[in-house]
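Residues per chain are reported as follows:
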Amino acid sequence: MVELSGVLGVAMIALGMVLTPGPNMIYLVSRSITQGRRAGVVSLGGVAVGFLVYLVATNLGLSVVFLAVPELYVAVKLAGAGYLAYLAWTALRPGGVSVFAPKEMPHDSARRLFTMGLMTNLLNPKIAIMYLSLIPQFISLEAGNVLLQGFVLGSVQIVVGLTVNLGIVLAAGAIAVFLARRPSWLRAQRYLMGTALGVLAVSVATDTSAPAASG
């Protein structure tokens, strides 16, 4: 039986993570603005499958691989931190643009939208760290059936993540129009997002925690 404290803990962490700007948010917003809500929803479908891949892989023992080869875990974290730092620089550099600023982008097919959503999520260091290090901390050995607990807690994260991301997809266009009429707000949003990404990149790169076994 999963403890309520574990469910609430994972839900709070998932909410905080999904509201922090990252690769998923940037991709979903850009596609929703340039290609419409339908494209955003299709992209979100790929993100959802990415969540499921992490859920299954982690609970079937991926964390054990990282425990056995800690250098691999460190390499994954540093690569993710580097990607976040690049996104931060893209937002903060002179001439950078907000993720909500309309821009010309090629219209991709539904298959490519789905695939890009999937790959963006699979390469998202926030999600990797959440499944490999954070969610396992809420598994109680005394509650029994560790595997079931892992799937339930991971499902809580997926529900929270998809709900918030769907709201972002549906509201992206309206937010873009609102900010377009207020250039100073658009700049502030860009700087806030870039700063948040930079802080997250440093946090990921300096985190010394090891992945916890979940199965």
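A quick note: this is a predicted structure, and the numbers were derived from the prediction, not measured.

Rules used in this analysis
- Note that residues are indexed from 1 along each chain, following the sequence as it is written.
- In keeping with the model being predicted, local features are shown solely for residues with a pLDDT of at least 70 and side-chain atom pairs are shown and tallied solely at 80 or more, while totals for entire chains, interfaces and linings include all residues.
- Side-chain measures were taken over the full set of non-hydrogen atoms in the model, leaving aside hydrogen atoms and water.
- Going along the chain from the N terminus, every DSSP run of H or I of four or more residues is numbered as a helix, and every run of E of two or more is numbered as a strand.
- Working definition: with a 1.4 Å probe on protein chains only, accessible area under 20% of the residue-type maximum means buried, over 50% means exposed, and in between means partly exposed.
- Here a polar contact means two N or O atoms within 3.5 Å. Within protein one must be a hydrogen donor candidate and the other an acceptor candidate, and residues neighboring in sequence count only if both atoms are side-chain atoms.
- For helices, the fitted axis covers only the stretch in contact; all axes are lines through C-alpha atoms, and the angles between them, taken along N-to-C directions, range from 0 to 180 degrees.
- Oblique is the label for any angle not covered by the other classes, which are roughly parallel (under 35 degrees), roughly antiparallel (over 145) and roughly perpendicular (65 to 115).
- Helix crossings fall into two classes, left-handed where the near helix is turned counterclockwise from the far one by less than a right angle and right-handed where it is turned clockwise.
- Throughout, a residue-residue contact means that at least one pair of heavy atoms, one from each residue, lies within 4.5 Å.
- Each residue receives one of three labels: charged for Asp, Glu, Lys and Arg, nonpolar for Ala, Val, Leu, Ile, Met, Phe, Trp, Tyr, Cys and Pro, and polar for the others, Gly being one of them.
- Here a salt bridge means any side-chain nitrogen of Lys or Arg lying within 4 Å of a carboxyl oxygen belonging to Asp or Glu.
- Only Phe, Tyr and Trp rings are paired, with Trp represented by its six-membered ring, and only when their centres lie within 6.5 Å; those with planes under 30 degrees apart are stacked, over 60 edge-to-face, the remainder tilted.

Caption draft 1: The overall build of the chain, seen in detail. Of regular secondary structure, the chain possesses eight helices and zero strands. Across the chain, helices and strands are ordered from the amino to the carboxyl terminus as α-α-α-α-α-α-α-α. Of all 215 residues assigned to the chain, the portion counted as buried reaches 46%.

Caption draft 2: Quick look at the environment of N59. Inspection of the secondary structure assignment puts N59 in helix α3 (residues 37-68). On the basis of relative accessible area, N59 is assigned to the buried category, the value being 6%. Considering only alpha carbons, one finds N59 and Y131, 72 residues apart in sequence, at a separation of 8.9 Å. Here the side chain of N59 touches L55 through a polar contact of 2.7 Å, landing on its backbone oxygen.

Caption draft 3: Geometry of the packing of helix α1 (residues 4-19) against helix α6 (residues 125-134). Orientation of α1 relative to α6, taken along the N-to-C sense of each, is 165°, at an axis distance of 11 Å. One finds that α1 runs roughly antiparallel with respect to α6. In the packing of α1 onto α6, the handedness of the crossing is right-handed. Of α6, the residues touching α1 (which contributes I13, A14 and M17) are K126, M130 and L134. Here the residues of the contact of α1 with α6 sort into five nonpolar, no polar and one charged.

Caption draft 4: Looking closely at the pattern of salt bridges. The tally for this structure, following the rule as stated, stands at two salt bridges. Salt-bridge contacts for D108 lead to R31; the nearest nitrogen and oxygen are separated by 2.7 Å. Note that D108 is positioned in the loop between α4 (70-92) and α5 (110-122) and R31 in helix α2 (residues 23-35), a separation of 77 residues in sequence. The residues D108 and R31 share a single accessibility class, namely buried. R112 is paired through a salt bridge with D108; the nearest N and O atoms lie 3.5 Å apart. Classification of R112 as partly exposed rests on a relative accessible area of 44%.

Caption draft 5: Spotlight on the packing of aromatic side chains. The full count for this structure, using the stated rule, is one aromatic pair. Taken together, a centroid distance of 5.9 Å and an interplanar angle of 15° make the contact between Y54 and Y131 stacked. Of this pair, Y54 sits in helix α3 while Y131 sits in helix α6, and the two are 77 residues apart along the sequence. Here the two residues Y54 and Y131 agree in accessibility, since each one is buried.

Just geometry here; none of it tells us what the structure is for.
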